[in-house]
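Below, each chain spelled out in residue letters.
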Amino acid sequence: MDNKTPQLPEQNQAGDTLYEHHAFTADKGQAPLRIDKWLMNKVENATRNKIQAAAKDGNIYVNEVAVKSNYKVKPLDEIRVLFSHPPFENLLVGENMPIDIVYEDDALLVVNKPAGIVVHPGHGNYSGTLINGLIHHFDNLPKNSSDRPGLVHRIDKDTSGLLVVAKTEHAMAHLSKQFKDKTSEREYVAIVWGNMNEDEGTIEGNIGRHPKNRLQNTVYLEDEADNGKPAVTHYKVIERLTYVTLVSCKLETGRTHQIRVHMKHIGHTLFNDVRYGGERILKGTTFTKYKQFVDNCFKILPRQALHAKTLGFEHPTTGEFMRFETPVPQDMSDCIEKWRGYSKHMDI
């Protein structure tokens, strides 16, 4: 079931203007499930209380009919959530902010995003995003299938690194197809907990929303595979640093939190990844000095240790394959250096 592009405002029977915030189609094999529970797994950051309040106010529609929160979702139901105000993320305001542009021409630009910057507006982040900066600097950026100007793909707030932004409709369509067809090249560098057994390998496992923690995704295998979407990550060890490992990860697919989820799945959670438990000491000794050392590393790198280092794609106009690289940022390189020093001390 996909979240469709929001439609233009419409009026209800009372004549009030309503704006579509979410639209879904239930799967063919959907088992009966209360709509408040169903929507909790589909709408990011939504609580059951908020969903129930929306249903009580007549804002949840199934097959064009308003329903209560105890309605049971059935296969192929058309589900819409409408409110009297436009989605905040659609009220885009340009903001003058510095953007690190690695490359630019008439069709596209490649941006090096720092950690801490949200890529697009969403719940709780309606300003200060990369898109706010882009629409200030560039006019008439084409919108993607989610109605977001210029965005071909995205990376998480606390992940640093490269993004390609389309400046024309042709570039948007061409680049989006490359990402869908898995012909683009994306390499990340990560610090993960533990000393990996193999020098390289491939992680395959469908990724979907975690059944208990809605802020996380998880891997679903075998009989439960339908709960997620196919995901493939290829990894290679760059350097072993005693209780952590520096790895290269190449994405074959692009699921939300893919590297973070896949690495946790094989027992190597990203260093200081708070959402997935990497902010705890997962490997090492019980000595107080070691705990202090790790805490210092956390202070140097106060985010998940993940950087989108390499981005490659075919230029939508010239057909030339272009590859861009950006160095690991200072916070992450400082953390790596501290672990190198610790590893040398351990070798003595």
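Residues numbered from 1 in each chain as written. Predicted model: local features only at pLDDT ≥ 70, side-chain atom pairs only at ≥ 80, totals over all residues. Heavy atoms only, no water.

**Side note on the overall build of the protein chain**
So, step 1. Scanning the protein chain from terminus to terminus reveals seven helices and 18 strands.
So, step 2. Counting across all 348 residues of the protein chain, residues that qualify as buried make up 46%.
So, step 3. Long-range pairs, those at least 24 residues apart, make up 66% of the contacts in the protein chain between residues at least 6 apart in sequence.
So, step 4. Total accessible area on the protein chain stands at roughly 18,000 Å², and carbon and sulfur atoms take up 48% of it. (Helix = DSSP H or I, 4+ residues; strand = E, 2+ residues; numbered from the N terminus. Buried < 20%, exposed > 50% of the residue type's maximum accessible area, 1.4 Å probe, protein only. Contact = heavy atoms within 4.5 Å. Areas by Shrake-Rupley, 256 points an atom, 1.4 Å probe, with all protein chains shown as cover.)

**Here's the deal with the pattern of salt bridges**
So, step 1. Counted according to the given criterion, the structure contains 15 salt bridges.
So, step 2. Here Glu 239 makes a salt bridge to Arg 340, at a shortest N to O gap of 2.8 Å. Of this pair, Glu 239 sits in strand 15 (residues 232-241) while Arg 340 sits in helix 7 (residues 330-347), and the two are 101 residues apart along the sequence.
So, step 3. The class of Glu 239 is partly exposed, set by a relative accessible area of 23%.
So, step 4. Arg 340 gets classed as partly exposed once you look at its relative accessible area, which sits at 28%.
So, step 5. Glu 337 is the partner of Arg 340 in a salt bridge, and the nearest nitrogen-oxygen pair spans 2.3 Å. Here Arg 340 pairs with Glu 337, and both are found in helix 7, just three residues apart, close to one helical turn.
So, step 6. Its relative accessible area of 46% is what places Glu 337 among the partly exposed residues. (Salt bridge = Lys/Arg side-chain N within 4 Å of Asp/Glu carboxyl O.)

**Some remarks on the packing of aromatic side chains**
Any two aromatic rings considered together are summarised by their centre-to-centre distance and by the angle between their planes.
So, step 1. On inspection of all chains with the given rule, the structure shows 14 aromatic pairs.
So, step 2. The interplanar angle of 85° and the centroid separation of 5.7 Å between the aromatic rings of Phe 24 and Trp 38 together place this pair among those described as edge-to-face. Highlighted residues: Phe 24 in strand 2 (residues 17-25) and Trp 38 in helix 1 (residues 35-40), separated in sequence by 14 residues.
So, step 3. For Phe 24, a relative accessible area of 4% puts it in the buried group.
So, step 4. Take Trp 38: its relative accessible area is 2%, and that puts it in the buried class.
So, step 5. Taken together, the ring pairs connect Trp 193, Tyr 243, Phe 271, Tyr 290, Phe 293, Phe 298, Trp 339 and Tyr 342 into an aromatic cluster.
So, step 6. Over the ring of Trp 38 we find Lys 42, and its NZ or CZ is 5.0 Å from the ring centre. (Phe/Tyr/Trp six-rings, centres within 6.5 Å; stacked < 30°, edge-to-face > 60°. Lys NZ or Arg CZ within 6 Å of the ring centre and 35° of its normal.)

**Let's talk about the pairing of strand 8 (residues 101-104)**
So, step 1. In this structure, strand 8 lies alongside strand 9 (residues 108-113), joined through three bridges in antiparallel fashion. In the sheet register, Tyr 103 faces strand 9, and the bridge partner there is Val 110.
So, step 2. What sits between strand 8 and strand 9 in their antiparallel hairpin is a turn of three residues. (Pairing = 2+ DSSP bridges.)

**A few points about the nonpolar core**
So, step 1. Grouped together as the largest cluster of nonpolar side chains are 28 residues, with contacts concentrated most on Leu 134, Tyr 188, Val 247, Ile 259 and Met 263.
So, step 2. Among the secondary structure elements, those contributing two or more residues to this core are strand 9, helix 3 (130-137), strand 10 (160-166), strand 11 (185-193), strand 15, strand 16 (244-251), helix 5 (258-265) and strand 17 (306-314).
So, step 3. Trp 193, Cys 335, Ile 336 and Tyr 342 belong to the second largest nonpolar core, which has 20 residues in total. (Core = buried A, V, L, I, M, F, W, Y, C linked by side-chain atoms within 4.5 Å.)

**Regarding the state of the cysteines**
So, step 1. Counted under the stated rule, the structure contains zero disulfides.
So, step 2. Looking at the unpaired Cys 335, the closest cysteine sulfur is the one in Cys 297, lying at 4.5 Å.
So, step 3. With a relative accessible area of 0%, Cys 335 lands in the buried category. (Disulfide = S-S within 2.5 Å.)

**Here's the deal with the side chain of Ser 184**
So, step 1. Mapped onto the elements of the fold, Ser 184 is located in the loop between helix 4 (169-180) and strand 11.
So, step 2. The contact partners of Ser 184, leaving out residues within four places of it in the chain, are Gln 178, Phe 179 and Gly 312.

**Regarding the confidence of the model for the protein chain**
So, step 1. Residues of the protein chain with pLDDT of at least 70 account for 89%, and the chain-wide mean is 89.
So, step 2. Per-residue pLDDT stays below 50 along residues 4-9; that stretch engages in twelve contacts with residues further than four places along the chain or on separate chains.
So, step 3. Residue range residues 11-15 is modelled with pLDDT below 50. Its contacts to residues more than four positions away, or to other chains, number four contacts. (pLDDT = per-residue confidence, 0-100.)

**A word on helix 2 (residues 48-56)**
So, step 1. Inspection of helix 2 places Ile 51, Ala 54 and Ala 55 among the buried residues, and these make up the whole buried set. Projected down its long axis, helix 2 shows its buried positions confined to an angular sector of 100°, all on one face. Exposed residues on helix 2 whose side chains face more than 90 degrees from its buried face are Asn 49 and Lys 56.
So, step 2. Directly after helix 2, the chain includes Gly 58, whose backbone phi takes a positive value near 75°. (Arc of directions from axis to C-beta.)

**Things to note about helix 6 (residues 288-300)**
So, step 1. With 13 residues, helix 6 should reach 18 Å at 1.5 Å per residue; the first-to-last C-alpha distance of 19 Å fits that figure.
So, step 2. Within the span of helix 6, buried status applies to Tyr 290, Phe 293, Val 294, Cys 297 and Phe 298. Seen end-on, helix 6 carries its buried residues on one side only, within an arc spanning 145°. Residues of helix 6 that are exposed and point over 90 degrees away from its buried face: Thr 288, Lys 289 and Lys 299. (Expected span 1.5 Å × (residues − 1).)

**Points about the environment of Asn 206**
So, step 1. Inspection of the secondary structure assignment puts Asn 206 in strand 13 (residues 206-209).
So, step 2. The sequence separation of Asn 206 and Asp 226 amounts to 20 residues, and the corresponding C-alpha distance is 7.8 Å.
So, step 3. Apart from the residues within four sequence positions on either side, Asn 206 is in contact with Thr 218, Val 219, Tyr 220, Ala 225, Gly 228, Lys 229, Pro 230 and Ala 231.

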